[in-house]
Amino acid sequence: MWRRAQTWFQTRSQFAKGTIVAGVFVVAGSVVAGVFQVVAAFIPVIWGDDKNDAQPTPSSSASVSSGPSSSAGTNPSPRPEETPPTQSPSPTAPASYQLVYDQQPISLGLDSDDRTVVDFDVPSTRRYSDAEWEALKTEAEETGAPMMPDLSYNNSIWGNVQLLNGRNAAELSTKDAPTTGEQCARHAQVGGFSQAQMWGTDGPPHLPVGTVLCIVTDKGNIVRAEVSRHVGTDPGDPPRQIEFKATMWSTT
């Protein structure tokens, strides 16, 4: 009886051991399978599930572009605008001289009581009495505007030719006289002519025939007035008339 019981317990004990061992193997297999499932789940994350991701990356030397990209739709970055070099201001352009009239005959007459004047800007001449002339001078002084005439001729004894205020003039001989507006203007600006006495006890008259006056008028025009003739010259008296051939240029 005791042997049977012992044999039965031994059989159950062996069966239990086998069951336990089998259980261990089952549990171990489940654990291993779980591990493989976890590893399999992370493989795409680590290695990537795209075939292109598995390709090796190009070397740094190949990835550097040797020039601007030619891909469609890609515009190169705009280059900053270059600032043009600063240019020094150009010098003032020289004046341009336009011929207004050429070799215009103009005469200044002499009367015992009157004064004859010429306005080259028009051109025109006019005779004033002493009273009219003094009124014209007073008006010019009050308004501050220059008188219209450029040259006046008066005094039957001495024959005074006078350049009016607001003008510049030069007296030149025939051989030294300029022929262009630019040259005449240059002489007039530094000439210093203001008046001349046509006759006197100190010698021959001033402004002989051939004398050239270069004048800058009050309006800025340039005049070349050449004395062409003295009319009615008596010994000891100034000429009753002085004739000029005048040329005028305007400046622009």
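Structure: see above.
Caption draft 1: Structural view of the pattern of salt bridges. In the structure shown here, the tally under the stated rule is 6 salt bridges. Where Lys219 meets Asp218, a salt bridge forms, and the shortest distance between an N and an O atom there is 3.8 Å. By relative accessible area, Lys219 is classed as partly exposed at 49%. By sharing partners, the salt bridges in this structure join Asp150, Arg167, Asp218 and Lys219 into a single network.

Caption draft 2: Region of the structure containing a negative patch on the surface. Together, Asp111, Asp113, Asp130, Glu134, Glu139, Glu141 and Glu142 give the surface a local cluster of negative charge. Turning to its location among the elements, Asp130 is positioned in helix α3 (residues 130-143).

Caption draft 3: Inspection of the sheet that holds strand β8 (residues 212-216) at higher detail. A sheet is described by the order of its strands in space; here 5 strands give the open sequence β1-β10-β9-β8-β6, paired in antiparallel fashion. The outermost strands of the open sheet, each flanked by one partner alone, are β1 (97-109) and β6 (168-172). Neighbour-to-neighbour, the strand axes of the sheet open up by a mean angle of 20 degrees, direction not taken into account. Inspection of the sheet shows β8 paired to strand β9 (residues 222-231) by 5 bridges, in the antiparallel sense. Residue pairing for β9: Val212 is matched across the bridge by Glu226.

Caption draft 4: Representation of the state of the cysteines. Considering all chains together, one arrives at 1 disulfide under this definition. Across the disulfide from Cys184 sits Cys214; the S-S distance is 2.1 Å. Across the S-S bond of Cys184 and Cys214 the torsion is about -110 degrees, and the bridge reads as left-handed. In this pair, Cys184 sits in helix α4 (residues 181-191) while Cys214 sits in strand β8, placing the two residues 30 residues apart along the sequence. According to the relative accessible area criterion, Cys184 is buried, its value standing at 0%.

Caption draft 5: Examining the environment of Phe120 more closely. Here Phe120 is to be found in the loop between β2 (114-119) and β3 (124-129). Phe120 gets classed as buried once you look at its relative accessible area, which sits at 0%. Distance in space between the C-alpha atoms of Phe120 and Thr247 is 9.1 Å, their sequence separation being 127 residues. Those residues within four positions of Phe120 in sequence are excluded, and the remaining contacts are Tyr101, Ile106, Asp150, Leu151, Ile215, Thr217, Val223, Ala225, Ala246 and Met248.

Caption draft 6: Quick look at the nonpolar core. Among the nonpolar cores identified, the biggest contains 24 residues, and Phe120, Leu151, Leu207 and Ile215 are the most heavily contacted of them. Residue assignment for this core shows that the elements contributing at least two residues are β1, β4 (151-154), β5 (160-163), β8, β9 and β10 (241-251). Examining the composition of this core, we find that 4 residues originate from one element, β10, more than from any other. Setting aside residues up to four positions removed in sequence, Leu207 forms contacts with Val161, Glu171, Phe193, Ala196, Met198, Leu213, Val227 and His230. With 10 residues, the next largest nonpolar core counts Ala177, Cys214, Ile222 and Trp249 among its residues.

Rules used in this analysis
- Residues numbered from 1 in each chain as written.
- Predicted model: local features only at pLDDT ≥ 70, side-chain atom pairs only at ≥ 80, totals over all residues.
- Heavy atoms only, no water.
- Salt bridge = Lys/Arg side-chain N within 4 Å of Asp/Glu carboxyl O.
- Buried < 20%, exposed > 50% of the residue type's maximum accessible area, 1.4 Å probe, protein only.
- Patch = residues over 30% accessible without salt bridge, like charges linked within 9 Å, V, L, I, M, F, W, Y side chains within 5 Å.
- Areas by Shrake-Rupley, 256 points an atom, 1.4 Å probe, with all protein chains shown as cover.
- Lys, Arg positive; Asp, Glu negative; His and termini not counted.
- Charge placed at Lys NZ, Arg CZ, Asp CG, Glu CD.
- Helix = DSSP H or I, 4+ residues; strand = E, 2+ residues; numbered from the N terminus.
- Pairing = 2+ DSSP bridges.
- Axes fitted to C-alpha atoms, helices over the stretch in contact; angles between N-to-C directions.
- Disulfide = S-S within 2.5 Å.
- Contact = heavy atoms within 4.5 Å.
- Core = buried A, V, L, I, M, F, W, Y, C linked by side-chain atoms within 4.5 Å.

By themselves these figures say nothing about function.
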